[in-house]
Amino acid sequence: MADCPKCKQHLKLSDWKQHCPYCGANIVVYDLQERLMKDADVAEVQYYHFQKKVDRLKASFVGSKLTIIRIFTSLLPIAALFLPIVKIELAEPFATYSGNMGVLDIYNMFEKLDLGAFGSVIGNADTKTAGILFSLSIICLLLSVVTMLLHFVFNTLACSPKGKIRNYTTDIIYIALVIIAMLSFYFIPENAVVSGTVGIGAYLYLFLVGVNFLVDVLCFRENLQVKHAQCYVGGIPIEEYFTMVERGVPQEEIRAEMYKRLSDIQKEQEKKLLEKAGKKEGK
């Protein structure tokens, strides 16, 4: 149970009546306005912190023409994966395959994928190097797709304090994974199990990832400033409210200032309504 708002005595479950058994105060309505004002203060401060996040999100996504372009360049590389990434020939113990392979072909082959085949290829002395490089190429390709999605999510946090470091780190990891995937496949030695060449889709994928990095750099060089909407606590600008609290201004003085500000705001609104009504009557 809660405490009595007047005498601060702890109330038991049996103290369910409207009046406090210790001081007789009406628990429901005692100092109700002040309690509502305190709840409103808390709500407005919480709204301020939430609004800051919303403002950063807006600036990160649609704060300028470049940030809007970044939305598309972040996802555009996935289009290259639908083109032939490699031209490949697979033999047993893998499911036999010969021809161009894109992301859809890789997805369709997952049903036939036998992870044990990779182990047997790597375990064979004649195909060990080929098996390791082929496995590394696939793993890096899949990780690059995951990194692409992470980068898109991180764009929403680009205007946060660590946004620049986070995005640049993701960009570097992204490019490194694509390069490692391509080089691993390119340097697969001659063997009887897996062979092939890197396709145009892979080169376009690397190019678009580089473009994405370049746009990221341009966005941060733009030094975009987040425009925060003005928030208030009881009619006082929130920055001024925080300053008053930090200075240790008594709550009574803060509350008196709030009532004054709210009264001024109300008078100003009433004045505007009267002026608006007068203009309508004049017509």
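Per-chain numbering applies: the sequence of each chain, read as written, is numbered from 1 onward. Local features in this predicted model are restricted to residues of pLDDT 70 or higher, and side-chain atom pairs are both shown and tallied only at a pLDDT of 80 or more, whereas totals for entire chains, interfaces and linings draw on every residue. To get the side-chain values, take all heavy atoms of the structure and skip hydrogens and water.

**Q** Before we go on, may I ask you to explain the nonpolar core in this structure?
**A** Burial of nonpolar side chains together is a common tendency in soluble globular proteins. By size, the foremost hydrophobic cluster in this structure holds 32 residues, and its most contacted members are Ile 88, Phe 94, Phe 134, Phe 185, Ile 188, Val 194 and Tyr 205. Secondary structure elements follow DSSP: runs of H or I of four or more residues count as helices, runs of E of two or more count as strands, with numbering from the N terminus. Sorting the residues of this core by element identifies strand S1 (86-90), helix H5 (115-123), helix H6 (128-155), helix H7 (163-186), strand S3 (194-198) and helix H8 (200-221) as the ones contributing at least two each. Counting residues per element, this core draws most heavily on H7, which supplies seven residues. Any two residues whose heavy atoms approach within 4.5 Å are treated as being in contact. Beyond its immediate sequence surroundings of up to four residues, Tyr 205 is in contact with Pro 77, Ala 80, Leu 81, Leu 141, Ser 144, Val 145, Met 148, Tyr 174 and Val 178. Core analysis: the next-biggest nonpolar cluster, separate from the first, contains twelve residues, Val 45, Val 233, Ile 238 and Ile 254 among them. We define the nonpolar core as a collection of buried residues of types Ala, Val, Leu, Ile, Met, Phe, Trp, Tyr and Cys that are connected through side-chain atoms lying within 4.5 Å of one another. Think of it in three bands: residues with accessible area under 20% of the maximum for their type are buried, residues over 50% are exposed, and the middle band is partly exposed, with areas taken using a 1.4 Å probe on protein chains only.

**Q** Quick question: what am I supposed to make of the environment of Asp 105 here?
**A** Structurally, the position occupied by Asp 105 is in helix H4 (residues 103-109). It is 8.9 Å that separates the C-alpha atoms of Asp 105 and Phe 82, two residues lying 23 residues apart in sequence. The contact partners of Asp 105, leaving out residues within four places of it in the chain, are Tyr 97 and Asn 100. Two N or O atoms count as a polar contact when they lie within 3.5 Å, although within protein this holds only if one can serve as hydrogen donor and the other as acceptor, and sequence-adjacent residues are included solely when both atoms are side-chain atoms. Engagement of the side chain of Asp 105 in a polar contact is seen with the backbone nitrogen of Gly 102, the distance being 2.8 Å.

**Q** What exactly am I supposed to notice about the pattern of salt bridges here?
**A** Once the charged atoms of two side chains with opposite charge are near each other, the side chains can pair. Salt bridge, as applied in this entry: a Lys or Arg side-chain nitrogen positioned within 4 Å of an Asp or Glu carboxyl oxygen. If you walk through the whole model with that rule in mind, you get five salt bridges. Two residues, Glu 240 and Arg 261, come together in a salt bridge whose shortest N-O distance is 2.7 Å. Pair noted here: Glu 240 is in helix H9 (residues 238-246) and Arg 261 is in helix H10 (residues 251-282), with a separation of 21 residues, a long-range link. Residue Glu 240 is classed as partly exposed on the basis of its relative accessible area of 32%.

**Q** Got a minute to help me understand the pairing of S1 in this structure?
**A** For a regular strand, side chains alternate in direction, first toward one face of the sheet and then toward the other. Residues Val 86, Ile 88 and Leu 90 of S1 are buried on one face, while the alternating residues Lys 87 and Glu 89, pointing to the opposite face, are not. Two strands pair under a simple rule: DSSP has to find at least two bridges between them. Strand direction decides the pairing type here: S1 and strand S2 (residues 97-101), joined by five bridges, are antiparallel. The partner of Leu 90 across the bridge, within S2, is Tyr 97. Joining the antiparallel neighbours S1 and S2 is a turn of six residues. Looking at chain direction, S1 and S3 are connected through five bridges and run antiparallel. When the sheet's bridge partners are listed, Ile 88 is paired in S3 with Gly 196.

**Q** Is there a simple way to explain helix H2 (residues 65-75) in this structure?
**A** For an α-helix the count is 3.6 residues per turn, leaving residues at separations of three or four pointing the same way. Of all the positions in H2, only Thr 67, Arg 70, Thr 73 and Ser 74 are classed as buried. Angular distribution of buried residues about the axis of H2 spans 110°; they occupy a single face of the element. Seen from the open side of H2, the exposed residues pointing more than 90 degrees away from its buried face are Lys 65 and Phe 72. Packed against the buried residues of H2 are helix H1 (32-62), helix H3 (77-80), H6, H7 and H8. The reported arc concerns the directions from the helix axis to the C-beta atoms and nothing else.

**Q** Hey, could you run me through the packing of H7 against H8 in this one?
**A** Think of two packed helices as two axes; the pair is described by the angle between the axes and how far apart they sit. Between H7 and H8, the shortest axis-to-axis distance is 10 Å and the interhelical angle comes to 165°. By the criterion of interaxial angle, the relationship of H7 to H8 is roughly antiparallel. For H7 against H8, the interelement crossing comes out left-handed. Contact residues: H7 offers Gly 163, Lys 164, Asn 167, Tyr 168, Asp 171, Ile 172, Tyr 174, Ile 175, Val 178, Ile 179 and Met 182, while H8 offers Ala 202, Tyr 203, Tyr 205, Leu 206, Val 209, Asn 212, Phe 213, Asp 216, Val 217 and Phe 220. Any residue that is not Ala, Val, Leu, Ile, Met, Phe, Trp, Tyr, Cys, Pro, Asp, Glu, Lys or Arg is counted as polar, Gly included; the first ten are nonpolar and the last four charged. Residues that form the contact of H7 with H8 fall into these classes: 15 nonpolar, three polar and three charged. Only the contacting stretch of a helix is used when fitting its axis, a line to C-alpha atoms as for every element, and angles between N-to-C directions run 0 to 180 degrees. Roughly parallel refers to an angle under 35 degrees, roughly antiparallel to one over 145, roughly perpendicular to one between 65 and 115, and oblique to any angle outside these ranges. Here is the rule for handedness: rotate from the far helix to the near one, and if that takes an anticlockwise turn smaller than a right angle the crossing is left-handed, while a clockwise turn gives right-handed.

**Q** Is there a simple way to explain the packing of aromatic side chains in this structure?
**A** Aromatic ring pairs are defined here through the distance separating the ring centres and the angle between the ring planes. Geometry of aromatic contacts follows a simple scheme: Phe, Tyr and Trp rings, the Trp one being its six-membered ring, pair when their centres are within 6.5 Å, and the pair is stacked under 30 degrees between planes, edge-to-face over 60, tilted otherwise. A full pass over the atoms with the stated rule returns six aromatic pairs. Both rings, one in Tyr 174 and one in Tyr 205, keep their centres 6.4 Å apart while their planes meet at 70°; by these two values the pair is edge-to-face. Highlighted residues: Tyr 174 in helix H7 and Tyr 205 in helix H8, separated in sequence by 31 residues. In this pair, the class of Tyr 174 matches that of Tyr 205, namely buried. With a centroid separation of 6.0 Å and an interplanar angle of 50°, the aromatic rings of Tyr 241 and Phe 242 are classed as tilted. Among the aromatic side chains, those forming a connected cluster through ring pairs are Tyr 48, Tyr 241 and Phe 242. Two limits define a charge over a ring: the Lys NZ or Arg CZ must be within 6 Å of the ring centre, and within 35 degrees of the ring normal. In this arrangement the basic side chain of Arg 70 is found over the ring face of Phe 220, its NZ or CZ atom lying 5.7 Å from the centre. Geometry around Phe 154 places Arg 166 over its ring, the cationic atom sitting 5.8 Å from the centre.

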